[in-house]
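Survey of secondary and tertiary structure
Here's the letter readout for the chains.
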Amino acid sequence: MTAQQYPHPDFEKKICAPEQLAARIAQLQRPLVFTNGCFDILHTGHVTYLAQARALGASMIVALNTDESVKRQGKGDDRPINDLGKRASVMAALESVSLVTWFDADTPYDLIMTVRPDVLVKGGDWSIDRIVGSQEVLGWGGQVHSIPFLYQTSTTETLKRIRQSHP
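All of these numbers come straight from a predicted model, not from anything done at the bench.

What counts and what doesn't
- Residues numbered from 1 in each chain as written.
- Predicted model: local features only at pLDDT ≥ 70, side-chain atom pairs only at ≥ 80, totals over all residues.
- Heavy atoms only, no water.
- Buried < 20%, exposed > 50% of the residue type's maximum accessible area, 1.4 Å probe, protein only.
- Helix = DSSP H or I, 4+ residues; strand = E, 2+ residues; numbered from the N terminus.
- Pairing = 2+ DSSP bridges.
- Right-handed = clockwise from strand over helix to strand, strands pointing away.
- Salt bridge = Lys/Arg side-chain N within 4 Å of Asp/Glu carboxyl O.
- Phe/Tyr/Trp six-rings, centres within 6.5 Å; stacked < 30°, edge-to-face > 60°.
- Lys NZ or Arg CZ within 6 Å of the ring centre and 35° of its normal.

**Remarks on the pairing of strand β4 (residues 119-123)**
- For β4, a buried count of five out of five residues is recorded, marking the element as mostly surrounded by other parts of the structure.
- Taking every second residue as pointing to the same face, both faces of β4 are buried, with Val119, Val121 and Gly123 on one and Leu120 and Lys122 on the other.
- As paired strands, strand β1 (residues 32-37) and β4 are joined by two bridges and run parallel to one another. By the bridge assignment for β4, Val33 is matched with Val119.
- Pairing of β4 with strand β5 (residues 143-147), which is carried by five bridges, proceeds in the parallel orientation. For Lys122, the partnering residue across the bridge sits in β5 and is Ser146.
- The handedness of the β4 to β5 crossover, carried by helix α6 (residues 134-139), is right-handed.

So this is what it looks like as structure tokens:
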């Protein structure tokens, strides 16, 4: 069989352009969880964190940094390793994720204001007072969580080990 003979994976229906968010959000069950990040090379820490975040609500939106936004974060000239389309597709394949979107700004503030999540979540390296949108979410009666890391893994550290083993 050729690639053209296989149907497009259903999970890719979870990928939603930011301008289509309003209509798609209305179809999601509440409480709605929102998180964001690069999620460049998915690892145990990521999928554990995402499952824990999803457990805080009935559905979850993950907003990915665009490739340009990742580059502005100073993670390295070759980052992201995987482009936005690939990262969105992998993220959409996860059971814990209800919807995947993206943002090009340095923060997801505008998306958070559009989505108006019931629960805003970031990883344990973010204190609640530093999480973008935390004051607004708390202000409309939502919750904000900083989930502690269970695994000390990171894409940056993984890439460092790979590069050291292949000079």
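**What to know about the pattern of salt bridges**
- Overall, the coordinates contain five salt bridges when judged by the stated rule.
- One salt bridge connects Arg87 with Asp67, and the closest N-O pair in it is separated by 2.8 Å. With a gap of 20 residues between them, Arg87 in helix α4 (residues 84-92) and Asp67 in helix α3 (residues 67-72) connect regions that are remote in the sequence. We note that Arg87, like Asp67, is buried.
- Measuring nitrogen to oxygen at the nearest pair gives 2.6 Å for the salt bridge that ties Arg72 to Asp106.

**A few points about the packing of aromatic side chains**
- According to the stated counting rule, one finds zero aromatic pairs in the structure shown.
- The side chain of Arg130 reaches across the aromatic face of Trp126, ending 4.6 Å from its centre.

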